[in-house]
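Examination of the molecular architecture
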Amino acid sequence: MKTIKKPMLMAIGLAILTLSCEQQKKEHQPEPTPEVEKVVKAPEGIISLADADSLYVDYSDRRANNIAKIESQNQDDGKPFVPTRFVSFDIDSLKQYIAYVEHEAKKGGAKTDSLRIYFGNYGKRNKKYLRRNTVFIVPAAEVNGDYGGIFIAADGKAQLIRDWIKKYQNNGQQDEQKSKAALLPNFSPTPNFYNGGSLILNYGSGGPPPKTDF
């Protein structure tokens, strides 16, 4: 057997020492701390399934059935009218809407702290949702010491919708076109960012669905 040269012995020894050190590091390395799931508290107002079912049944008995009887008389095809039972907005759209409302209100000098959900009806104006009930969402905030639903006026400032209504109604029919141009919030689905506009959300998807939850 040939004699192993000294440099080769040193290289082998260094390799063994390096592997040993790496093994010790692994053995003494602390285990990664598992991520702690954030606890989200339930908001006030959560109701039970039984309470929700009672609300649904009472609405059927006291509202929906009467709506069906009245509207069925106006059906051109003779089919029974099935009342709308819910309006649905997807969660991502609502998150975007809330962020947009807060941003626009802040730019306009107000802080939105609540959303009002109004009931409405499309009547004959919207052929797609002919005579169907709906809801629209109005952000509310304090403006000039008063509180209510807001929109962004042409000057970029947050204003109360009720003040716009008063001004619009007081102008009368003679100045109707002028009032619309100067005071009417833009109620289109894509608000006008430069000339002020509405912050009101509508056009969610609604039922009667194929299958109801209750």
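In what follows, the structure referred to is the one given above.
Described below are features of the structure shown in this document. Model, not experiment: these values are computed from the prediction.

What about helix α3 (residues 91–107)?
Along its 17 residues, α3 runs 24 Å from first to last C-alpha, staying within 8% of the 24 Å computed at 1.5 Å per residue. Listing the buried residues of α3 in full gives Y97, V101, E104 and A105. All buried residues of α3 lie within an arc of 95° about the axis, which places them on one face of the element. Exposed residues on α3 whose side chains face more than 90 degrees from its buried face are I91, D92, K95, Q96, K106 and K107. Its buried side turned inward, α3 meets β2 (112–121), β3 (133–143) and β4 (146–152). Taking the backbone nitrogen of D92 as reference, a side-chain oxygen 3.2 Å away marks D90 as the first, capping residue of α3. Directly after α3, the chain includes G109, whose backbone phi takes a positive value near 85°.

A few points about unusual backbone geometry
In this structure, R131 takes a positive phi of about 60° despite not being glycine. Inspection of the secondary structure assignment puts R131 in the loop between β2 and β3. When its relative accessible area of 10% is taken as the criterion, R131 is described as buried. Residues other than glycine seldom take positive phi values, yet N144 does so here, at roughly 55°. Along the chain, N144 falls in the loop between β3 and β4. The exposure class assigned to N144 is exposed, which follows from its relative accessible area of 75%.

Observations regarding the sheet that holds β2
Spatially, four strands are ordered β2-β3-β4-β5 in an open sheet, and the strand pairing comes out antiparallel. Looking at the sheet topology across the chains shown, the edges are occupied by β2 and β5 (158–160). Each adjacent strand pair in this sheet contributes to an overall mean axis angle of 50°, direction not counted. Pairing geometry for β4 and β5, over three bridges, is antiparallel.

What to know about the pattern of salt bridges
Within this structure, the stated rule accounts for three salt bridges. Ionic pairing is found between E71 and R131, a salt bridge with its closest N-O pair at 2.5 Å. Of this pair, E71 sits in helix α2 (residues 49–72) while R131 is found in the loop between β2 and β3, placing the two residues 60 residues apart along the sequence. Residues E71 and R131 agree in their burial class; the two are buried. Between E104 and K107 there is a salt bridge, and its shortest N-O distance comes to 3.5 Å. Note that E104 and K107 are positioned in helix α3 at a spacing of three residues, about one turn of the helix. You can call E104 buried: its relative accessible area is 8%.

Conventions and cut-offs
Residues numbered from 1 in each chain as written. Predicted model: local features only at pLDDT ≥ 70, side-chain atom pairs only at ≥ 80, totals over all residues. Heavy atoms only, no water. Helix = DSSP H or I, 4+ residues; strand = E, 2+ residues; numbered from the N terminus. Expected span 1.5 Å × (residues − 1). Buried < 20%, exposed > 50% of the residue type's maximum accessible area, 1.4 Å probe, protein only. Arc of directions from axis to C-beta. Contact = heavy atoms within 4.5 Å. Polar contact = N/O pair within 3.5 Å; in protein donor to acceptor, adjacent residues only side chain to side chain. Pairing = 2+ DSSP bridges. Axes fitted to C-alpha atoms, helices over the stretch in contact; angles between N-to-C directions. Salt bridge = Lys/Arg side-chain N within 4 Å of Asp/Glu carboxyl O.

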